[in-house]
Amino acid sequence: MNLPTIIICVILGIIICIGIRSTKKRATSGCCGGSETVKKVKVKDKNKEHYPYKTVLKVYDIHCQSCVRTIENTFNSQEGFYAKVNTEDNTVTILSKEQHPTDKLIDTLSNVGYTSKAL
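Let me begin by describing the structure that accompanies this report. (Residues numbered from 1 in each chain as written. Predicted model: local features only at pLDDT ≥ 70, side-chain atom pairs only at ≥ 80, totals over all residues. Heavy atoms only, no water.)

### What to know about the sheet that holds strand β2 (residues 81-86)
Right, so step 1: The strand order across the open sheet built from 4 strands is β2-β3-β1-β4, with neighbouring strands paired in antiparallel fashion. Each end of this open sheet is capped by a strand with a single partner; those strands are β2 and β4 (116-118). Adjacent strand axes in the sheet meet at a mean angle of 25 degrees, parallel and antiparallel pairs treated alike.
Right, so step 2: With 3 bridges joining them, strand β1 (residues 53-59) and β4 adopt antiparallel strand pairing. For K58, the partnering residue across the bridge sits in β4 and is K117.
Right, so step 3: Running over the sheet, helix α2 (residues 65-76) touches β1, β2 and β3 (91-96) and is turned about 165 degrees from β2.
Right, so step 4: Here helix α3 (residues 102-111) sits on the sheet and contacts β1, β2, β3 and β4; the angle it forms with β1, its principal contact strand, is near 45 degrees. (Pairing = 2+ DSSP bridges. Helix = DSSP H or I, 4+ residues; strand = E, 2+ residues; numbered from the N terminus. Axes fitted to C-alpha atoms, helices over the stretch in contact; angles between N-to-C directions. Contact = heavy atoms within 4.5 Å.)

### Thoughts on the pairing of β1
Right, so step 1: With 6 bridges joining them, β1 and β3 adopt antiparallel strand pairing. By the bridge assignment for β3, T55 is matched with I94.

### Here's the deal with the side chain of T91
Right, so step 1: Of note, T91 is situated in strand β3.
Right, so step 2: In this view, T91 contacts V56, L57, K58, V59, K84, V85, N86 and L119; residues no more than four positions away in its chain are not counted.

### Concerning the nonpolar core
Right, so step 1: Counting residues in hydrophobic clusters, the biggest one holds 16 residues, and the most contacted among them are I71, V92, I94 and L109.
Right, so step 2: Taken together, the elements giving at least two residues each to this core come down to β1, α2, β2, β3 and α3.
Right, so step 3: Looking at which element gives the most residues to this core, the answer is α2, with 4 residues.
Right, so step 4: Discounting chain neighbours no more than four positions away, the residues touching V92 are T55, V56, L57, V59, I71, A83, K84, V85 and L109. (Core = buried A, V, L, I, M, F, W, Y, C linked by side-chain atoms within 4.5 Å. Buried < 20%, exposed > 50% of the residue type's maximum accessible area, 1.4 Å probe, protein only.)

### Describing the environment of L109
Right, so step 1: For L109, the position within the fold is in helix α3.
Right, so step 2: Through-space distance from the C-alpha of L109 to that of E72 is 9.9 Å; in sequence the pair is 37 residues apart.
Right, so step 3: Those residues in contact with L109, other than ones at most four positions away along the chain, are L57, V59, I71, F75, V92, Y114 and S116.

Below, the structure written as structure tokens:
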């Protein structure tokens, strides 16, 4: 075998090992690696009329109910936000009492491990 073939085989072996490890982790710990159920953060002010600003983001990595809770909790734990995930179209609707740049909301999701874009 020549050197390029050996390098490709090593890289493929590493990718296969990572895939097997990830599959085992999901099988034993849930899809997102958490064996515990994420507790829901309750919004203090549920009156949607108190939230004049609305942003809808497409979220690409929603896999389970734990993902939904994590995304909602990311915003609902902050004062002035009310977020709800729609799993049918993988979007999150973020209501807020103050206007926030869409890029900041996308960065907030990115910081907890989710990829999103504005709709």
